[in-house]
Amino acid sequence: MKHHPWIFSGAISRIEPRFAAGDWADVFTSDGRFIAHGWYDEKSHIILHLLSWDEDETMSGKFVQKLAKTSIARRDGMLGEDGTNALRLIHGEADFLPGVAVDIYAGIARIVISSRFGDHFLQDIVRAVQEEIDPERIEAVVDRSYASAENLKAYRRIFINGEEMEKDESFADHLFLEDHLLYSLEQGNVQKSGFYCDQRENRKIAEGYAEGRNVLDLFSYTGGFTLHVLRGGCKSVKAVDSSESALQALMEQVKLNENHGNIPKGSSDRLSAEMADCFEYIRSINENEYDMMILDPPKLAKTKSALENALRAYKDLNRVAMMKIRDGGIIFTFSCSGAVSREDFRMMLGWAAKDAGAEVQILNTLSAGPDHPIRLSFPESEYLKGYAIRVLK
Ligand code: SAH
C-alpha cells in the first residue's frame, strides 16, 4: 500500500472534464483504473491532494468532518494523560487531512492552516472539533510560512460554540499543563500554534540528564526545555532566542512554576536569558563553559531544493557546539524540517563530529510524541528528528 497524498502538476497527463479549482476530482491510471478521490486546486503548490482510496466513498464536507472526528477519536487515551492537557489532535497529512494541524490547550483549540484545502474546509473542521471535544474557544490561523505558496491571505478567526465571532476579543491568561509544568498560552501573532508540543517526550528525557550540569538552551522559545532542566536539578541554564516576547514568556513561566512549587525554589537564580542570534551566539561562548546543550533551530529547509544549504547550516551549528562543549557533555540536537530525512540528519552529525575532531555516541533517538504520528506512506511526516549525543574529545 503506497498512498502518498500529493500529486504535482507534472504527474497529470489529462484533466477532464474541465472543472473549477477547489473541487473534488477522481484520479485514474492512464488505462482508466481508479486510484483515488482527490481535491483539486490549481492555485495550490500541490494541485491535487489525495484523500480516499476507496472508490465507494462519497466526497463532501461531511467526509472531511468524518476524517477530523476520527483523528480526534484516535487520541482518546492520550487526552487524560496525567499532568498534560496540551495535545495535537490532527496532524495534517499523517492524519489524512492535508495542511491541517489542530492542537488543544486545556479548552482552547488552535487550528493552523497551511493548505488551500484546509482553508476551504475550515468550517467543517471547526464543526468537527466543536462536536468532538466541545472546547470553549477555537482559533484558526493561516501558517505564515505557507501563505504565499498557497495563495492564501493571512487571517485569524475566532469561533465560540462553533459560531464565528466578529471581533477578536482577547481572553484572560489561559494556563495549560504539560508534564505537570504550567504554561501560559501565548496570544496574538504567535509562532506555530503558540507552543511546540511535539517536543514533549524529548523534554522529559532532557530532564533526566540535567542534574548538576551547566545547560545552554539554544532556540529556547518560551522555555519548554529550560523548565525541565531546572526541575531536573541543573546547576545553571542559559536560554537564548531571537524573540524578545518568547524570552519574556519564558521568564514569566519560570516564576509561575516556582510559585506553584512545580520547580525548586530559587530556580530563577539559576537561570539567565539573552536575546541573540543563536548561530552567532554559540561562536562567542568559551570552550568548556557548558556540559549540556539543546539545539532546536527553526525549520531550516522549507523545501527539498533548500536541503543542501540547510544541511550546511545544521552542520555548522552542530560542529561548533561539539567543539565548545566540555568533554563528555550531552547535546540534544534536532531538525524539524520535513525535507531533511533522518539519514541526512545523522550523516550531517557524522561530518560535524569529524570536523570537530570528536567521537560521538548516540544515547537516545528522538522524535515527536505519539500525538504526532508518522504515516509510513507520507515520509515527510517524520519532520522532527533528533538525537541525544555524548561528545568525547
Ligand atoms: N525549543 C523550543 C522550540 C524552538 S522553536 C521549545 O521547546 O519550545 C525555534 C525557535 O527559534 C523560535 O523560538 C524562534 O524564535 C527561534 N529562532 C529562529 N531563528 C533564530 C535565530 N537565528 N537565533 C535565535 N533564535 C532563533
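Everything discussed here concerns the structure shown above.
Reference entry: report on the structure contained in this document. (Residues numbered from 1 in each chain as written. Predicted model: local features only at pLDDT ≥ 70, side-chain atom pairs only at ≥ 80, totals over all residues. Heavy atoms only, no water.)

**Quick look at the overall build of the chain**
Phase 1 of the analysis: A tally of regular secondary structure across the chain gives eleven helices and 19 strands.
Phase 2 of the analysis: Taken over C-alpha atoms, the radius of gyration comes to 22 Å for the chain, in line with the 21 Å a tight globule of 393 residues would show.
Phase 3 of the analysis: Looking at the chain as a whole, 52% of its 393 residues qualify as buried.
Phase 4 of the analysis: Nonlocal contacts in the chain, meaning residues at least 24 apart in sequence, comprise 64% of its contacts between residues at least 6 apart. (Helix = DSSP H or I, 4+ residues; strand = E, 2+ residues; numbered from the N terminus. Rg over C-alpha atoms; globule rule 2.2 N^0.38 Å. Buried < 20%, exposed > 50% of the residue type's maximum accessible area, 1.4 Å probe, protein only. Contact = heavy atoms within 4.5 Å.)

**Remarks on the pattern of salt bridges**
Phase 1 of the analysis: The full count for this structure, using the stated rule, is 25 salt bridges.
Phase 2 of the analysis: For Glu178, the salt bridge identified is with Arg203, shortest N-O distance 3.0 Å. Residue Glu178 is found in strand 11 (residues 175–178), and its partner Arg203 is found in helix 6 (residues 200–209); the two are separated by 25 residues along the sequence. For the pair Glu178 and Arg203, a shared accessibility class is recorded, and that class is buried.
Phase 3 of the analysis: One salt bridge in this structure joins Arg283 and Asp316, with 2.4 Å as the shortest N-O distance. With Arg283 in helix 9 (residues 278–284) and Asp316 in helix 10 (residues 307–324), this pair connects stretches of sequence that are 33 residues apart.
Phase 4 of the analysis: Residue Asp316 is classed as partly exposed on the basis of its relative accessible area, which comes to 26%.
Phase 5 of the analysis: Connected through salt bridges with shared partners, the residues Arg110, Arg137, Glu139 and Arg156 form a single ionic network. (Salt bridge = Lys/Arg side-chain N within 4 Å of Asp/Glu carboxyl O.)

**With respect to the environment of Glu244**
Phase 1 of the analysis: Mapping Glu244 onto the fold places it in helix 8 (residues 244–259).
Phase 2 of the analysis: Along the sequence, Glu244 and Glu274 sit 30 residues apart, while their C-alpha atoms lie 8.7 Å from each other.

**A look at the sheet that holds strand 19 (residues 385–392)**
Phase 1 of the analysis: In spatial order, the strands read 15-14-13-16-17-19-18; together these seven strands make up an open sheet with mixed pairing. Lying at the two open borders of the sheet, with one neighbouring strand each, are strand 15 (271–275) and strand 18 (359–367). For this sheet the average axis-to-axis angle between neighbouring strands, irrespective of direction, equals 15°.
Phase 2 of the analysis: With four bridges connecting them, strand 16 (residues 292–295) and strand 17 (residues 330–335) associate as parallel partners. (Pairing = 2+ DSSP bridges. Axes fitted to C-alpha atoms, helices over the stretch in contact; angles between N-to-C directions.)

**Quick notes on helix 1 (residues 61–73)**
Phase 1 of the analysis: The end-to-end C-alpha separation of helix 1 is 18 Å, in line with the 18 Å expected for 13 residues at 1.5 Å each.
Phase 2 of the analysis: Within the sequence span of helix 1, burial applies to Gly61, Phe63, Val64, Gln65, Leu67, Ala68, Ser71 and Ile72.
Phase 3 of the analysis: The inward-facing, buried residues of helix 1 abut strand 2 (23–28), strand 4 (48–52), helix 2 (76–79), strand 5 (86–91), helix 3 (116–120) and helix 4 (122–133).
Phase 4 of the analysis: Its side-chain oxygen 3.2 Å from the backbone nitrogen of Lys62, Ser60 forms the N-cap of helix 1. (Expected span 1.5 Å × (residues − 1). Polar contact = N/O pair within 3.5 Å; in protein donor to acceptor, adjacent residues only side chain to side chain.)

**What to know about the site of the ligand**
Phase 1 of the analysis: The full set close to the ligand counts 16 residues, and Gln191, Arg203, Asp241, Cys278 and Asp296 are the nearest of them.
Phase 2 of the analysis: One nitrogen or oxygen atom from the main chain of Phe219 is found 3.0 Å from a nitrogen atom belonging to the ligand.
Phase 3 of the analysis: Within the backbone of Cys278, a nitrogen or oxygen atom sits 2.9 Å from a nitrogen atom of the ligand.
Phase 4 of the analysis: Burial of the ligand by the protein amounts to 89% of the accessible area it has alone, namely 580 Å². (Near = heavy atom within 4 Å. Areas by Shrake-Rupley, 256 points an atom, 1.4 Å probe, with all protein chains shown as cover.)

**Some details on the side chain of Glu258**
Phase 1 of the analysis: Its place among the elements puts Glu258 in helix 8.
Phase 2 of the analysis: For the buried Glu258, which has no salt bridge, the nearest side chain bearing the opposite charge is Lys265, at an N-O separation of 5.6 Å.
Phase 3 of the analysis: A distance of 2.8 Å separates a polar side-chain atom of Glu258 from the backbone nitrogen of Gly266.
Phase 4 of the analysis: The contacts of Glu258, once residues within four sequence positions are left out, are Ile263, Pro264, Lys265, Gly266, Ser267 and Ser268. (Lys, Arg positive; Asp, Glu negative; His and termini not counted.)

Keep in mind these values describe shape, not function.
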